[in-house]
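# Results of the structural survey
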Amino acid sequence: MRIFISNVSGKALYEQIYDQIKNLILEGSLKEGEALPTIRGLAKDLRISVITTSRAYADLERDGYIYSVVGKGSFVAERNGEFVREENYKELERNLSVAVEAANRCGIDEKEFLQIAKTIFRS
């Protein structure tokens, strides 16, 4: 598992870790039941505080993406297909909102926006 963090991204380090692990789970790169790196191991690899990785893991567990077993580690939680689909829909809606805002700034109307979207969708 590859996690990349940036000190200049404007996002807290634990949020960067949370987002990347969540995305790996939603896209299927991390499978149900798969073990995650230990909190200490990930902190060492990323050269950050154990508290930071612990916060990311706690948030992932709170939101149901992972579960922890004392003495064994953290694992990817079971996800039903509907939950994953809904999470991906929410991401799609957020991204489309950003795209619509950009289109409005450029003076692109709905018809032209949809044509651009169709072109991108088919490529």
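Predicted model only: the values in this text are computed from it and were never measured.

Moving on: the nonpolar core. Counting residues in each nonpolar core, the largest one holds 20 residues, and the members touching the most others are Ile17 and Ile21. Those elements that provide at least two residues to this core are helix H1 (13-26), helix H2 (39-46) and helix H3 (50-62). If one sorts the elements of this core by residue count, H1 sits on top with 6 residues.

In this section: the side chain of Asp59. Structurally, Asp59 is set in helix H3. When neighbours within four sequence positions are excluded, Asp59 is seen to be in contact with Tyr14 and Tyr18.

Put simply, the chain has an average pLDDT of 92, and 99% of its residues get 70 or more. Mean pLDDT values for the elements of the chain range from 89 in helix H4 (residues 81-106) up to 97 in H3.

Let us now look at the side chain of Ser74. Structurally, Ser74 can be placed in strand S2 (residues 73-76). A polar side-chain atom of Ser74 sits 3.1 Å from a polar atom in the side chain of Ser68.

The N-to-C vectors of H2 and H3 enclose an angle of 125°; their axes lie 8 Å apart at closest approach. Viewed along their axes, H2 and H3 adopt a mutual orientation that is oblique. Classified by chirality, the crossing of H3 by H2 is right-handed. In this structure, H2 contributes Ile39, Arg40, Leu42 and Ala43 to the contact, and H3 contributes Val50, Thr53, Ser54 and Tyr57. Residue composition of the contact of H2 with H3, grouped by class: 5 nonpolar, 2 polar and 1 charged.

Where H1 contacts H3, the axes come no closer than 8 Å and their chain directions differ by 45°. It follows from the interaxial angle that H1 and H3 lie oblique. For the pair H1 and H3, the crossing hand works out as right-handed. Of H3, the residues touching H1 (which contributes Leu13, Tyr14, Ile17, Tyr18, Ile21 and Lys22) are Thr52, Thr53, Arg55, Ala56, Tyr57, Asp59 and Leu60. For the contact of H1 with H3, the residue count by class is 8 nonpolar, 2 polar and 3 charged.

If you walk through the whole model with that rule in mind, you get 5 salt bridges. A salt bridge links Asp59 to Arg55, with the nearest nitrogen and oxygen atoms 3.4 Å apart. With Asp59 and Arg55 both in helix H3 and 4 residues apart, this pair spans about one turn of that helix. Since its relative accessible area comes to 40%, Arg55 is described here as partly exposed. Measuring nitrogen to oxygen at the nearest pair gives 3.3 Å for the salt bridge that ties Asp59 to Arg62. Here the residue Asp59 and the residue Arg62 both occupy positions in helix H3, the gap between them amounting to 3 residues, near one helical turn. Among the residues examined, Asp59 registers a relative accessible area of 11% and is labelled buried. Overall, Arg62 belongs to the exposed group, its relative accessible area being 57%.

Rules behind the numbers
Residues numbered from 1 in each chain as written. Predicted model: local features only at pLDDT ≥ 70, side-chain atom pairs only at ≥ 80, totals over all residues. Heavy atoms only, no water. Core = buried A, V, L, I, M, F, W, Y, C linked by side-chain atoms within 4.5 Å. Buried < 20%, exposed > 50% of the residue type's maximum accessible area, 1.4 Å probe, protein only. Helix = DSSP H or I, 4+ residues; strand = E, 2+ residues; numbered from the N terminus. Contact = heavy atoms within 4.5 Å. pLDDT = per-residue confidence, 0-100. Polar contact = N/O pair within 3.5 Å; in protein donor to acceptor, adjacent residues only side chain to side chain. Axes fitted to C-alpha atoms, helices over the stretch in contact; angles between N-to-C directions. Parallel < 35°, antiparallel > 145°, perpendicular 65-115°, else oblique. Left-handed = near helix turned anticlockwise from the far one by under 90°. Nonpolar A, V, L, I, M, F, W, Y, C, P; charged D, E, K, R; others polar. Salt bridge = Lys/Arg side-chain N within 4 Å of Asp/Glu carboxyl O.

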